[in-house]
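A closer look at the structure
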Amino acid sequence: MRFRLCGIRVEISYLLLCLAAMSVILGIFQSFCCCVLAVIIHESGHLITMRALGYFPERIKILLFEISISDPSRQERSARENMLIIFFGPAANFICVLPLFLVYLCGTEKILPFAAANLSVGLFNLLPVMSLDGGQLLFILLCRSRTPEQAEKIVCRLTFISVFPIAALGFVILFHSHYNFSLLFVCVYLIFALLTRQEKYY
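Since the model is a prediction, treat every value here as computed from it, not as a measurement. (Residues numbered from 1 in each chain as written. Predicted model: local features only at pLDDT ≥ 70, side-chain atom pairs only at ≥ 80, totals over all residues. Heavy atoms only, no water.)

Some remarks on the overall build of the protein
Counting secondary structure elements, the protein contains 7 helices and 4 strands. Listed by position from the N terminus, the elements making up the protein come as β-β-α-α-β-β-α-α-α-α-α. Within the span of the protein, comprising 202 residues, buried residues form 40% of the whole. Here the contacts in the protein between residues at least 6 apart in sequence split such that 59% fall between residues at least 24 apart. (Helix = DSSP H or I, 4+ residues; strand = E, 2+ residues; numbered from the N terminus. Buried < 20%, exposed > 50% of the residue type's maximum accessible area, 1.4 Å probe, protein only. Contact = heavy atoms within 4.5 Å.)

Here you go:
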């Protein structure tokens, strides 16, 4: 599905729409919406920071496991600007967690899943994995004292080191939660994203 929003070309994967339909059938649509909204908040942090710095994305692709922002000007920006844009993705999630948690303390328990989704998305994206914000931030920091090739090798090694415990936890959850294999899907995505990675900062 393709359309234009404020001059930006937006593409939505049909697999995501199928997953939304399946979540309705399986009775987990509320959890699905919480996760999707948390991801939208995360990417909005990137986009708002880009706009504040005077840059505009060319295309936004909403895929099954991620929202990909196509920005040809990223190579022209300074390392500081790129770090700010990357950082404010997870920061947007953490900023949302505090008021949501305060609302929960006031006795509104229904808001807790949304707060947990924001916290999970923020923390997950800070992992030192090349396709995530944490890996991109680490890559930029390493480039200050090393060549891009050396920095990339270090982050790639950390990516594989990080994926293995996540995969192990995925198997534990799989056998102790009535076959919840969502975390294993995430691991497969991370490995696939690393193997097919193109140069991008977020």
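Considerations on helix α3 (residues 79-105)
Taking 1.5 Å of rise per residue, the 27 residues of α3 would be expected to cover 39 Å, and the 39 Å separating its terminal C-alpha atoms lies within 8% of that figure. The principal kink in α3, of about 35 degrees, is found at glycine 89, preceding the proline proline 90 by one to four residues. Of all the residues in α3, the buried ones are Glu81, Asn82, Met83, Ile85, Ile86, Gly89, Pro90, Ala91, Ala92, Asn93, Val97 and Leu100. On its buried side, α3 packs onto α2 (29-52), α4 (112-125) and α5 (133-142). Of the residues flanking the end of α3, it is glycine 107, one or two places downstream, whose phi is positive at about 110 degrees. (Expected span 1.5 Å × (residues − 1). Bend = angle between axes of the 7 residues up to and from the residue.)

Brief notes about α2
Helix length check: α2 (24 residues) gives 34 Å between terminal C-alpha atoms against 34 Å at 1.5 Å per residue, within 8%. If you check which residues of α2 are buried, you get Phe32, Cys34, Ala38, Ile41, His42, Glu43, Gly45, His46, Thr49 and Met50. Downstream of α2 by one or two residues, glycine 54 has phi in the positive range, about 90 degrees.

Overview of the environment of isoleucine 111
With respect to the helices and strands, isoleucine 111 occurs in the loop between α3 and α4. A relative accessible area of 22% places isoleucine 111 in the partly exposed class. Separated by 10 residues in the primary sequence, isoleucine 111 and phenylalanine 101 place their C-alpha atoms 7.9 Å from one another. Excluding its chain neighbours within four sequence positions, the residues that come into contact with isoleucine 111 are Leu100, Val103 and Tyr104.

Let's talk about the packing of α3 against α4
Between α3 and α4, whose axes approach to 8 Å, the crossing angle comes to 155 degrees. Of the possible angle classes, the one that applies to α3 and α4 is roughly antiparallel. In terms of crossing hand, the pair formed by α3 and α4 is left-handed. Where α3 approaches α4, its residues Pro90, Asn93, Phe94, Cys96, Val97, Leu100 and Tyr104 are matched on the opposing element by Leu112, Phe114, Ala115, Asn118, Leu119, Val121, Gly122, Leu123 and Asn125. Classifying every residue of the contact of α3 with α4 gives 12 nonpolar, 4 polar and no charged. (Axes fitted to C-alpha atoms, helices over the stretch in contact; angles between N-to-C directions. Parallel < 35°, antiparallel > 145°, perpendicular 65-115°, else oblique. Left-handed = near helix turned anticlockwise from the far one by under 90°. Nonpolar A, V, L, I, M, F, W, Y, C, P; charged D, E, K, R; others polar.)

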